[in-house]
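Architecture and fold: a report
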Amino acid sequence: MKELVEIIAKALVDHPEEVQVTETQKDRGLVLKLHVDPSDMGKVIGKQGRIAKAIRSVVKAAAIKEDKHVILDIE
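Here the residue numbers are simple positions, counted from 1 along each chain's written sequence. Side-chain atom pairs in this predicted model are given and counted only at pLDDT of 80 or more, local residue features only at pLDDT of at least 70, and totals for whole chains, interfaces and linings cover all residues. Computation of side-chain values: all heavy atoms of the structure, hydrogens and water removed.

Okay, the pattern of salt bridges next. Salt bridge, as used here: a side-chain nitrogen of Lys or Arg that lies within 4 Å of a carboxyl oxygen of Asp or Glu. Counting across every chain of the model gives 4 salt bridges. With a shortest N-O distance of 2.2 Å, Lys 43 and Asp 14 are connected by a salt bridge. With Lys 43 in helix α2 (residues 41-45) and Asp 14 in the loop between α1 (2-12) and β1 (20-26), this pair connects stretches of sequence that are 29 residues apart. When its relative accessible area of 52% is taken as the criterion, Asp 14 is described as exposed. For helices the rule is a DSSP run of H or I covering at least 4 residues; for strands it is a run of E covering at least 2, with both sets numbered from the N terminus onward. When accessible area is computed with a 1.4 Å probe and restricted to protein chains, residues below 20% of their type maximum are described as buried, those above 50% as exposed, and intermediate ones as partly exposed.

Here it is, written out as structure tokens:
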């Protein structure tokens, strides 16, 4: 999952070297935290959060395929 989020985020931003994804296992499932350069935050979130929602949908679909519960936080 971590690699999937990294690939998507690096394709969207101007500073792909600043993209970091951390993975934490919690009782409610796997939590992925996406960190990008502050100037790229708008590109990852999109207008009215459409890009962020699309990224979460792709991650959720991949998680269901692997029978996991994944939460994506964009920081």
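Additional details are given in the paragraphs that follow.
Bringing the side chain of Asp 40 into the picture now. With respect to the helices, strands and loops of the structure, Asp 40 is situated in the loop between β2 (29-35) and α2. Note on charges: Lys and Arg go in the positive column, Asp and Glu in the negative column, and His and the chain ends are not counted at all. With no salt bridge to any partner, buried Asp 40 finds its closest opposite charge in Lys 43, at an N-O distance of 4.1 Å. In what follows, a contact means two residues having at least one pair of non-hydrogen atoms within 4.5 Å. Those residues in contact with Asp 40 that lie beyond four places of it in its chain are Val 13, Asp 14 and His 15.

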